[in-house]
Amino acid sequence: MQRYIVQRVLLMIPTLIGVTVVVFIMVRLIPGDIVSLMAGDFGAVSPEQKQRILEEFGLHENIAVQYARWFSHIIRLDLGTSLLSGRTVTSELAARLPVTLELGLLALATSIAIGVPIGIISAIRQNSLADYAGRSLAIAILAAPNFWIALILIVMAARYFQWGVPPRQYVHLHEDPIGNLKMMFVPAMILGGAASGTLMRYTRTTMLEVLRQDYVRTAWSKGLSERAVVTRHALRNALIPVVTVIGLGLPSLLGGTIIIESIYGIPGMGRYYVAAINQLDFPVIQGINILIASMVVVSNLGVDLLYAVLDPRIQYG
Amino acid sequence: MADSATLAREQLLPESTGRKRSRAFVSFVRHYPLGAFGAFVALLLILMAIMPGTFARQNPDLTMLTERYHGISSEHWMGQDQLGRDQYSRIVYGARTSIMIGFGVVVFTSFMGVLLGSVSGYAGGWFDTMLQRLVDVGIALPGLPFIILVVTSLQLMPLVPRLVLSLSILISLSQSRIIRGVTLALKQEQYVEAARALGAHGSRVIGRHIIPNVLPIVLVSSSTLVGAAVLIESSLSFLGYGVQPPTASWGRQLNDAREFMVRAPHLAVFPGLAIFLTVYAFNMLGDAIRDKIDPRLRGGRR
């Protein structure tokens, strides 16, 4: 087990190095640079001035040199300095990541609360009306774009309840917890509801598989109540693969907050990313991609290890 | 006499292929009503993409500033937008972009996925190792943020190939890993071994024996993939990175609607409905194809 963990952690290194290379190359392929973009705002910049500013940002050097310098900072967990604000990317992200994490975790909780029970009911009442309703719901959720749902809800709220159209002034969790949760509730519901479709289908499939196993039949035949069979025998085994899907889903939820954050005016990482792309703030674009990629890699490993803990049959060499 | 003769002919002679096909068609519709519905809508969308003029008589770009935000009417049965353009026509013309990108992504990812996966699995060695590390990178990269980055980087490319490429990079990498796994299993098969023993080159074995056997896997997922691509494209256009005005696009229409939707809700409803129906149709068709083709699921439907 220990050897397996060490091996996996070592394999993370080439993956993350690969991520830095790919992201760096993609960012440098963006036509244009921040100086010309800013020059557009302030009128023309003479070539000498432009050269000086580029040098200040370290953008004048050879790509390989730039990468090497940036990489040597990355391994010291220093993501560089935002070209726009002049503050470190780490501090900029530290202000925004908690907002996105809160949204992501609330959405995750919502998706579990909706997806798992409906999936279970669908499986234990296979081919009943409830099953068809649950399956149709899951299919509909998978096809509905979440930004469309968000727009429809905003229109309905504005027309029928006279609620204001977001964005409103954002309230931070530590300033006013209740006000903050009030704001996050609808976006988290939309995001979580959208993610619950996959979870419903997955829970149903694994649950159906487990319900056909011999030991479940044994449990039935020794006269246990349905409740005992389902919760004690079937559910515990069916949920193991579901945990995987949930664990792998969190990073993708973080990436998926981009749209919801920009619709609801939530000052999280997703909205910051869009701003960074539009303003060619290279270090920020790179930093966010690498941050999420690291989270994906770590949560992949975490899920595999959790799998071994939950299911004693699984042993990693 | 004539009756018994036809009866005998029907019993003895094999059915004509035409009848066989029509019978297969009826049985598909009966067993997979939602899949058949999906196929119907998908076909309709493809026709719309090819000849939008037959579905919508009005010019999608014709502005009528005196009729801005007008709601549903007999002439404009999905209402008019912020420039007075006919929304129904814009949705019909918007199908072209979505369908082109959806199918482009499927063709590109299938090609790259099959090529990379089968060569990687068959050849093994350093090529396999390098490619698999690249696939690891692809799996680690964050989906939507990375796609936005690629779309921005490749700005100088024409829009449709750029969107297809951006959406396809990550998907073809994960697709190639699945194909590689199947290729590794196929490599152990006796007919592959026999072909190699007869002196066939690697390229011939891959082309003649591996690819025909991995192709069904790609085909089974292709319909669902069209739906996924349409959804991502609409998200990109909604965020402003996809299709640029004045070209009609559903995601873009929803983005424009944000400003006016409280006043004119029909602008928010219909483009979203179009995305929903398209993705739903391709997903249902995909589910039915999977049920029908995938031997592991044959027997009881889930």
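Residues numbered from 1 in each chain as written. Chains lettered and ligands numbered in written order. Predicted model: local features only at pLDDT ≥ 70, side-chain atom pairs only at ≥ 80, totals over all residues.

## Comments concerning the overall build of chain B
For the record, the criterion: Secondary structure elements follow DSSP: runs of H or I no shorter than four residues count as helices, runs of E no shorter than two count as strands, and numbering proceeds from the N terminus. Neighbour counting defines burial: a residue surrounded by 20 or more other C-beta atoms within 10 Å of its own C-beta is buried, one with 12 or fewer is exposed, and intermediate counts give partly exposed, using backbone-placed C-beta atoms.
The number of helices and strands found in chain B is twelve helices and zero strands. Starting at the N terminus and walking to the C terminus, you meet the elements of chain B as α-α-α-α-α-α-α-α-α-α-α-α. Summarising its shape, the C-alpha atoms of chain B cover approximately 75 × 75 × 30 Å along the three principal directions. Here chain B, with 302 residues, has 45% of them falling under the buried criterion.

## Regarding the interface of chain B and chain A
Stated formally: Whether two residues are in contact depends on their C-beta atoms, placed from the backbone: they are in contact if these lie within 7 Å. All amino acids are sorted into three groups, where Ala, Val, Leu, Ile, Met, Phe, Trp, Tyr, Cys and Pro are nonpolar, Asp, Glu, Lys and Arg are charged, and the leftover types, Gly among them, are polar.
With 39 residues of chain B at the contact, the number on the chain A side is 42 residues. Of all the secondary-structure elements, those providing two or more residues to the side of chain B that touches chain A are helix H6 (125-140), helix H7 (143-153), helix H10 (202-239), helix H11 (250-260) and helix H12 (266-293) of chain B. For the side of chain B that touches chain A, the residue count by class is 26 nonpolar, nine polar and four charged.

## Details of helix H1 (residues 2-29) of chain A
One full turn of an α-helix is made of 3.6 residues, so residues set three or four places apart face in the same direction. Where we set the bar: Expected span of a helix: the number of residues minus one, times 1.5 Å.
Compared with an ideal rise of 1.5 Å per residue, which puts 28 residues at 40 Å, H1(A) spans 41 Å between its outermost C-alpha atoms and is within 8% of the ideal. Among the residues of H1(A), those classed as buried are Thr15(A), Leu16(A), Val19(A), Val22(A), Val23(A), Phe24(A), Met26(A) and Val27(A). Buried positions along H1(A) lie against helix H4 (63-74) and helix H12 (282-310) of chain A together with H6 and H7 of chain B.

## Quick notes on the confidence of the model for chain A
The cut-off we apply is this: You can read pLDDT as the predictor saying how much it trusts each residue, on a scale of 0 to 100.
Of the residues in chain A, 95% reach a pLDDT of 70 or more, and the chain-wide mean stands at 85. Here helix H2 (residues 34-42) of chain A stands out as the element of chain A with the lowest mean pLDDT, 66, in contrast to helix H11 (residues 269-278) of chain A, whose mean of 91 is the highest.

## Details of the packing of H10(B) against H11(B)
Residue and element names in this part refer to chain B. The condition is simple: Note on definitions: angles span 0 to 180 degrees between N-to-C directions of axes, and those axes are lines fitted to C-alpha atoms, for helices only across the stretch in contact. Left-handed describes a crossing whose near helix is turned anticlockwise from the far helix through less than a right angle; right-handed describes the clockwise counterpart.
Closest axis-to-axis distance for the H10/H11 pair is 7 Å, and the angle between their directions is 35°. Every pair of crossing elements has a handedness; the one defined by H10 and H11 is right-handed. Residue-level contacts link Glu 233, Ser 234, Ser 235, Leu 236, Ser 237 and Phe 238 of H10 to Trp 250, Gly 251, Arg 252, Leu 254 and Asn 255 of H11. Of the residues contributing to the contact of H10 with H11, the split by class is four nonpolar, five polar and two charged.

## Observations concerning the packing of helix H10 (residues 226-264) of chain A against H12(A)
Helix packing for two helices is described by the angle between their axes and how far apart those axes are. All names here are of chain A. We count it as follows: Orientation is classified from the angle alone, with under 35 degrees giving roughly parallel, over 145 giving roughly antiparallel, 65 to 115 giving roughly perpendicular, and any other angle giving oblique.
At a minimum axis distance of 9 Å, the contact between H10 and H12 shows a crossing angle of 170°. Considering the angle they form, H10 stands roughly antiparallel to H12. Where H10 approaches H12, its residues Ile 240, Val 243, Thr 244, Gly 247, Leu 248, Leu 250, Pro 251, Leu 254 and Gly 255 are matched on the opposing element by Ile 292, Met 295, Val 296, Ser 299, Asn 300, Gly 302, Val 303, Leu 306, Tyr 307 and Leu 310.

## A closer look at the confidence of the model for chain B
Reading fine detail from the predicted coordinates is not recommended where pLDDT is low. Residues and elements named next belong to chain B. For chain B, per-residue confidence averages 83 on the pLDDT scale, and residues scoring 70 or more make up 91% of the total. Highest mean pLDDT in chain B belongs to H7 (92); lowest belongs to helix H1 (residues 2-12) (53). Ignoring residues within four places in sequence, the model shows residues 297-302, a span with pLDDT below 50, making six contacts including any to other chains. Among the prediction metrics, the complex's ipTM stands at 0.88, with pTM recorded as 0.86.

## Looking at unusual backbone geometry
Residues and elements named next belong to chain A. Its identity as a non-glycine residue notwithstanding, Leu 77 has a phi of 60°, on the positive side. Relative to the assigned elements, Leu 77 resides in the loop between H4 and helix H5 (89-124). On the basis of neighbour count, Leu 77 is assigned to the exposed category, with 7 C-beta atoms found within 10 Å. In the Ramachandran plot, Asn 127 falls in the positive-phi region, its phi being about 65° despite a non-glycine side chain.

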